[in-house]
Structures are given as C-alpha cells and as structure tokens.
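Listed below, chain by chain, are the residues.
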Amino acid sequence: MQPLRGAVAKKVGMSRVMDDYGRMVAVTLLKLEDQKITKILSPERDGYSGYQVGYFVKSEKNLNKPDVVRLRKAGILESYGRFREFRCREVSTAKNIDTAVLEEKGYVVGKDLRARDFSEVKYVDVSGLTKGRGFQGATKRWGFRISSMTHGSRYHRRTGSIGNCATPARVMPGKKMPGRYGQERRTLRKLAVVVRDEGDNLLAIKGAVPGCRGSYVEVCPSVCCL
C-alpha cells in the first residue's frame, strides 16, 4: 500500500534531451517551487484522506485573515496564496488511508514537497488548464476544412449550414459552431519522467503538458502504473 503522492509544479518551458539511443526527445521542464503540506485531511473530519498543499507565496497583507491564522497555528511562516488538495487512497481497494499511515510515510504538516519525492516514479499524470485562445471560429476551434479561397467565392471560412430545413426548423444542441476555445482542464496520462534535477527541483517530462509558460499544473504518479 502506497499513498498517492502529488505536488504542484510551475511550467518553465520546453527543451530537448538525448536518450540512451542517441535520439532527441522533446521534454517539458516543470519546477517544483516552494510548497509545503499545510493540512492533513482525515475521513472523520473531511470525509476522505489526503493532504493540502500550499504554494504561490504572497505578501501577508494580500491574504485573507482565516488563511493567515490557520497557517500560523500550523507553524508555517510562509504566506501561501493558493492551495490544492491531493487525495490518498489504497490502490487495491480504493479505500481511504488512515491518517497514521500518512504520518508514517512522512506526510506531516510543514513537509516540503520537492523533486526527490518523485525519485521512484517513472510515469506521471499531469493536469492543468489549456491555453486560452478566446472566441474563435469553427475552422480553428473544430479543425474544419476551409472552402475555396479563389476570387469570387463568398464562403471561405464560414461555418456552413446549421439548420434542418422546415423540420424541426432549429439548431440541434451540440452543433459545432464558433465559441470560446481553450482554458479547459485537461489531464495527460503516463508521461515518462526523463530527468530529475533535485538541486534545482526540476522534472523533465517527455512530451508536452497543458498550459502556457508560467502556469501551474498538478503532477501525480500515473494511475496507469499503480
């Protein structure tokens, strides 16, 4: 039985490394910035077991008073402005893990989450918000084929027919049309951890992950390998 670990990482950007076969591999660099466990979640009080992670240090005057009081009572001097929860369950039975088991594994209030905590993890799941692209047409939003761009054509990148003649004489729900594109939560499964830099708290993940540079993502051991 191993608790499901998770941490918050900041997307630095993309790079490339050489693998054991001499091939170039595109990787995404994720930096595990200053973050600590700020609360232990128990089934008796919260309904499930896990821990809360505080990150994104802000000035204390910009935090609300309940968060400041709660952090100071827990003995945490940093002023974290954002929090994420990670649930811990038993892999075989999907039951809540007892708080004593979390403490035995080192999950206590004030613990720093760093790259070394992923030393035994080969594959991770990364969740984040995709890049927001604003209001887009159907061609870019759904990958539609454009019409002829020749002189005289009055169609070009238009959506096309959306009606149903006289019956039922309305646009059916779910029709692919222009609208807001991006800024949606996405999770990529089983991404290989290529490099771990414990000195700079960096993880090099094979491939791309959701979000733009500077955005925050959640990194957890892959559920496909548990």
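This text goes with the structure placed above it.
Starting from 1, residues in each chain are numbered consecutively following that chain's sequence as written. In view of the model being predicted, local features appear only for residues whose pLDDT reaches at least 70, and side-chain atom pairs are presented and counted only at 80 or more, with totals across whole chains, interfaces and linings using the full set of residues. Working from all heavy atoms in the structure, the side-chain values ignore hydrogens and water.

Student: Give me the lowdown on the sheet that holds strand S5 (residues 80–87), citing residues and values where you can.
Tutor: Strand pairing requires that DSSP identify at least two bridges connecting the strands. Secondary structure follows DSSP: runs of H or I at least 4 residues long count as helices, runs of E at least 2 residues long count as strands, and numbering of each begins at the N terminus. Pairing is antiparallel across the open sheet formed by 3 strands, whose spatial order is S3-S4-S5. Unpaired on one side and paired on the other, strand S3 (36–41) and S5 mark the two borders of the sheet. Averaged over neighbouring strand pairs, the angle between their axes works out to 25° when direction is ignored. Sheet topology note: the S3/strand S4 (residues 50–57) ladder contains 5 bridges and is antiparallel. By the bridge assignment for S4, Ile-40 is matched with Tyr-51. Geometry is summarised by axes, namely lines fitted to C-alpha atoms with helices restricted to the contacting stretch, and by angles between N-to-C directions that run from 0 to 180 degrees.

Student: An account of the environment of Ser-15 is requested, with residue identities and associated values reported.
Tutor: By the element assignment, Ser-15 lies in strand S1 (residues 7–18). When a residue's accessible area, from a 1.4 Å probe over protein chains only, is under 20% of the maximum for its type it is buried; when over 50% it is exposed; and in between it is partly exposed. For Ser-15, a relative accessible area of 36% corresponds to the partly exposed category. Here the alpha-carbon distance between Ser-15 and Leu-77, two residues 62 residues apart in the chain, equals 35 Å. The contact definition used throughout considers only heavy atoms, calling two residues in contact when any of these lie within 4.5 Å. Setting aside residues no more than four positions away along its own chain, Ser-15 makes contact with Val-25, Ala-26, Val-27 and Leu-29.

Student: Outline the sheet that holds S1, listing residues and values.
Tutor: Strand order around the closed barrel formed by 6 strands is S1-S2-S10-S9-S6-S11, with antiparallel pairing between neighbours. Between one strand and the next, the sheet's axes are offset by a mean angle of 45°, whatever the strand orientation. Sheet topology places strand S6 (residues 123–129) next to strand S11 (residues 216–221); 4 bridges connect them, and they run antiparallel. In the strand pairing of S11, Asp-125 is matched with Cys-220.

Student: Account for the nonpolar core, naming residues and giving values.
Tutor: Here the nonpolar core consists of buried residues drawn from Ala, Val, Leu, Ile, Met, Phe, Trp, Tyr and Cys, with membership extended through side-chain atoms lying within 4.5 Å. Core analysis: the biggest nonpolar cluster contains 31 residues, and Leu-30, Tyr-51, Phe-118, Val-124, Leu-203, Ile-205 and Val-219 have the highest contact counts within it. For this core, the secondary structure elements donating two or more residues are S1, S3, S4, helix H3 (99–104), S6, strand S9 (185–197), strand S10 (202–206) and S11. If one sorts the elements of this core by residue count, S11 sits on top with 4 residues.

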